[in-house]
Amino acid sequence: MTVKNVGILGAGKVGIVLAELALAAGYDVRISGSGKVSKIELTIQTLVTNYWNQKTRERVHRKLTAMQESDDKLADRDEDLVVIDDPESRQDADESQWKSDLIECLKKFNSGKFENFSRALISKMGVTIDKNHGVVRSADHGIDGFGYFKSDEFRTSRVAIQCKRYTQDQVSEPEIDKFKGVMDSFNAEYGIFVTTSHFTNRAKAKAMQGNNTVTLIDGQELADLVEKYELQITPIKTYTLNAYYYEQD
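In this text, all values refer to a predicted model and were calculated from it rather than measured experimentally. (Residues numbered from 1 in each chain as written. Predicted model: local features only at pLDDT ≥ 70, side-chain atom pairs only at ≥ 80, totals over all residues. Heavy atoms only, no water.)

Bringing the layout of surface pockets into the picture now. One number sums up the size of the second largest pocket: a volume of about 180 Å³. Around the second largest pocket, the lining residues are Met125, Val127, Phe149, Val159, Tyr190, Gly191, Ile192, Thr213 and Thr215. Counting residues per element, the lining of the second largest pocket draws most heavily on strand β6 (residues 190-195), which supplies three residues. The class makeup of the residues in the lining of the second largest pocket is six nonpolar, three polar and no charged. (1 Å grid on protein atoms, 1.4 Å probe; cavity = no way out; pocket = protein on both sides within 12 Å on 5 of 7 lines; lining within 4 Å. Points joined across faces, edges and corners; volume = space filled by probe spheres on them. Helix = DSSP H or I, 4+ residues; strand = E, 2+ residues; numbered from the N terminus. Nonpolar A, V, L, I, M, F, W, Y, C, P; charged D, E, K, R; others polar.)

Given below as structure tokens:
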């Protein structure tokens, strides 16, 4: 037989303690006593209040315990996670960094070294550099290089080269216009204008006007061409593990 009801004779201190223990254990409690009715009612009220306060504390404790267990599970899961590096993103970041470093280095070149660099790059692009024009800076007559481009077996074009190593200023329209005048004096069909900076929109428009057009190469395109022709750079080949190696069976 299962006992569900507990009767307590006496509503004193001992009776209250026994009643609280019985309530906490899940029993139905009945109290009787010889004292005043008001005293017994106060005892019952105290017992009920204590009972629900205890239940509230237990409920809060259960919630806190459940939250802690959930946090522990999340922590365990995070420990099992493997961060897989995205090789493409890393490669893009690395590529952007070395090109930025390259442009900064070019800006620190003296004028002579930057002109030598530009002629070397343009030579790799297929232009045969004329060593008698634009190489000796004291007698360049307004150009920093001159060469010939053979487009087919029967056609060779004259190419004038201009270099401007700018750190901040952009190349403006008047500079393109002046360069075109120099091109005319050399009977150059084409011109190549190289800068570490940028060209204004008016300069770009001017470069396309007339019969003697000018190819504009700014800092970013310089870096791209250095990569394409591998001018004074060393390619590095490496490997990265695919996600397969990090996946759990």
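By size, the foremost hydrophobic cluster in this structure holds 20 residues, and its most contacted members are Leu106, Phe114, Phe117, Val194 and Leu222. Of all elements in the fold, only α3 (87-108), α4 (111-124), β5 (155-164), β6 and α7 (219-229) reach the threshold of two or more residues within this core. Excluding residues that lie within four positions of it along the chain, phenylalanine 114 makes contacts with Leu106, Phe109, Cys163, Lys164, Arg165, Val194, Thr195, Thr196 and Leu222. Counting residues in hydrophobic clusters, the runner-up holds 16 residues, among them Ala160, Val182, Ala188 and Phe199. (Core = buried A, V, L, I, M, F, W, Y, C linked by side-chain atoms within 4.5 Å. Buried < 20%, exposed > 50% of the residue type's maximum accessible area, 1.4 Å probe, protein only. Contact = heavy atoms within 4.5 Å.)

On to the side chain of glutamine 162, then. Inspection of the secondary structure assignment puts glutamine 162 in strand β5. When sequence neighbours within four positions are dropped, the list of residues in contact with glutamine 162 reads Gly142, Ile143, Asp144, Phe179, Ile192, Phe193 and Val194.

In this section: the packing of aromatic side chains. The tally for this structure, following the rule as stated, stands at seven aromatic pairs. Geometrically, the ring pair formed by phenylalanine 179 and phenylalanine 193 is edge-to-face, given 5.7 Å between the ring centres and 90° between the ring planes. Placement of the pair is phenylalanine 179 in helix α5 (residues 173-185) and phenylalanine 193 in strand β6, with a sequence separation of 14 residues. A network of ring pairs unites the aromatic residues Phe109, Phe114 and Phe117 as a single cluster. (Phe/Tyr/Trp six-rings, centres within 6.5 Å; stacked < 30°, edge-to-face > 60°.)

Take unusual backbone geometry next. Most peptide bonds adopt trans geometry, and most residues besides glycine take a negative phi value. Here asparagine 187, not a glycine, exhibits a phi torsion of approximately 55°, which is positive. By the element assignment, asparagine 187 lies in the loop between α5 and β6. In the Ramachandran plot, glutamine 232 falls in the positive-phi region, its phi being about 55° despite a non-glycine side chain. With respect to the helices, strands and loops of the structure, glutamine 232 is situated in the segment after α7.

Our next topic: the sheet that holds β5. Read from one edge of the open sheet, five strands run β3-β4-β5-β6-β7, paired in mixed fashion. Here the strands that pair on one side only, and so sit at the sheet edges, are β3 (128-129) and β7 (214-217). Strand direction decides the pairing type here: β6 and β7, joined by four bridges, are parallel. The residue of β7 that forms the bridge with glycine 191 is valine 214. Relative to the sheet, α7 contacts β6 and β7, its axis offset from that of β7 by approximately 85°. (Pairing = 2+ DSSP bridges. Axes fitted to C-alpha atoms, helices over the stretch in contact; angles between N-to-C directions.)

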